[in-house]
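Residues per chain are reported as follows:
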Amino acid sequence: MSSSQSPIEELSQRVSAAFADRTKLKDAAHVAAVRETLARLDSGELRVAEKGADGWKVNAWVKEAILLFFAVSEMQVMEVGPFEFHDKVPLKKGLEAAGVRVVPPGTVRYGAFVERGAVVMPGYVNIGARVGAGTMVDTWATVGSCAQVGKNVHLSGGVGLGGVLEPPTASPVIIEDGAFLGSRSIVVEGVVVEEEAVLGANVVLTASTQIIDVTGPEEKVYKGRVPARSVVIPGMREKQFPAGKYMVPCALIIGQRKQSTDQKTSLNAALRDFAVAV
């Protein structure tokens, strides 16, 4: 290692070199770099994406390491009480020491990081994902590979956050601090739900979904981003096709969370204020 290089710089260079040329995985140093990257990801020292002054930045080389981890790992049988698994990626360990509650049969995969105080009901947190302190991953909610979930977020029952590993440069789904996602809502394709936004039940957001602010005299359309503190419900709008006009899904911003309401209460009350099911 060059005296001017940090250990992280050396890791990233070896991982990216092996990703570009898989024959390098025959070299122990490159395999070790992949495994160390995953260990640092699992401990929270590294993350797939992080927010800076210019917004969210993807650490593509970390995603490359995850993909290479599958290549260097062997299938194995894992037994957890009455449950048996057959996979290349083990389950996360040390939950008690980490201060994380996981309710059976909730699953957190190795390579995901869950901060102290988070709760995972019988849901699923995939490799590369990050879940912030105080967040609830409710029953049958799924946090897809590399999804970034902030602090004090509530993912209601059946919420689906999409995962993305390829291409490594692709942005993951991001749910910022204090957001509330209603039952069966789905967020995929790198959509960002900003701080303290509220999604009603069954809202579906993809990169191409029109997110329409209907609170003013004229609509304002967003794509790929829900503005902070917005209250969002499912909607439909007419679209012309060669065969005729049909209704296609969209999402409607119908208001903002109220400053006067306590945060914990407003997560549910924000939707009830607009007569929307949680």
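Just so you know, these numbers come straight off a predicted model, no measurement behind them.

Caption draft 1: Layout of the overall build of the protein. Counting its secondary structure elements, the protein contains 5 helices and 26 strands. Taken against the 2.2 N^0.38 rule, which gives 19 Å for 278 residues, the C-alpha radius of gyration of the protein at 20 Å falls within 12% of a compact globule. With respect to the three principal axes, the spread of C-alpha positions in the protein is 60 × 45 × 40 Å. Burial status across the protein gives 50% buried among its 278 residues. Sequence separation of 24 or more characterises 39% of the internal contacts of the protein that already satisfy a separation of 6 or more. Carbon and sulfur atoms make up 53% of the accessible area of the protein, which totals about 13,600 Å². Once the 30 positive and 30 negative side-chain charges of the protein are each reduced to a mean point, those two points are 2 Å apart.

Caption draft 2: Geometry of the nonpolar core. Ranked by internal contacts, the top residues of the largest apolar core, which has 35 residues, are Val143, Leu161, Ile175, Val187 and Leu205. Discounting residues that sit within four places of it in the chain, Ile175 has contacts with Gln148, Val149, Gly150, Val153, Leu161, Leu181, Val187 and Val193. Grouped together as the second largest cluster of nonpolar side chains are 24 residues, Val31, Ala33, Ala65 and Ile127 included.

Caption draft 3: Main features of the UniProt feature "domain: Tetrahydrodipicolinate-N-succinyltransferase chain A" (unreviewed entry) in the protein. As annotated in UniProt, the feature "domain: Tetrahydrodipicolinate-N-succinyltransferase chain A" (unreviewed entry) corresponds to residues 11-71 in the numbering used here. Helix and strand shares over residues 11-71 are 62% and 13% respectively, and the end C-alpha atoms of the span are 17 Å apart.

Caption draft 4: A look at the sheet that holds strand β7 (residues 113-114). The 6 strands lie next to each other as β7-β10-β13-β16-β19-β24, forming an open sheet whose pairing is parallel. Two strands close off the open sheet at either side, each with one partner strand: β7 and β24 (225-226). Bridge analysis of strand β13 (residues 148-149) against strand β16 (residues 174-175) gives 2 bridges, and the strand direction is parallel. Residue pairing across strands places Gln148 opposite Ile174, the latter belonging to β16.

Caption draft 5: Focus on the environment of Val173. Tracing the backbone shows Val173 in the loop between β15 (160-161) and β16. With a relative accessible area of 2%, Val173 lands in the buried category. Spatially, the C-alpha atoms of Val173 and Glu189 are 6.5 Å apart, while their sequence positions differ by 16 residues. Discounting chain neighbours no more than four positions away, the residues touching Val173 are Ala147, Gln148, Leu161, Gly162, Val187, Val188, Glu189, Gly190 and Val191.

Caption draft 6: Broad picture of the pairing of strand β26 (residues 244-256). With 3 bridges joining them, strand β22 (residues 211-213) and β26 adopt parallel strand pairing. Looking at the pairing, Ile212 lines up with Leu252 of β26. For strand β25 (residues 230-241) and β26, the ladder comprises 12 bridges, and the chain directions are antiparallel. Pairing of Ser230 across the sheet is with Gln256, part of β26. Here β25 folds back onto β26, and the loop between the two strands holds 2 residues.

Each value, and the rule that gives it
Residues numbered from 1 in each chain as written. Predicted model: local features only at pLDDT ≥ 70, side-chain atom pairs only at ≥ 80, totals over all residues. Heavy atoms only, no water. Helix = DSSP H or I, 4+ residues; strand = E, 2+ residues; numbered from the N terminus. Rg over C-alpha atoms; globule rule 2.2 N^0.38 Å. Buried < 20%, exposed > 50% of the residue type's maximum accessible area, 1.4 Å probe, protein only. Contact = heavy atoms within 4.5 Å. Areas by Shrake-Rupley, 256 points an atom, 1.4 Å probe, with all protein chains shown as cover. Lys, Arg positive; Asp, Glu negative; His and termini not counted. Charge placed at Lys NZ, Arg CZ, Asp CG, Glu CD. Core = buried A, V, L, I, M, F, W, Y, C linked by side-chain atoms within 4.5 Å. UniProt positions renumbered as here; feature names shortened; annotations may be inferred. Pairing = 2+ DSSP bridges.

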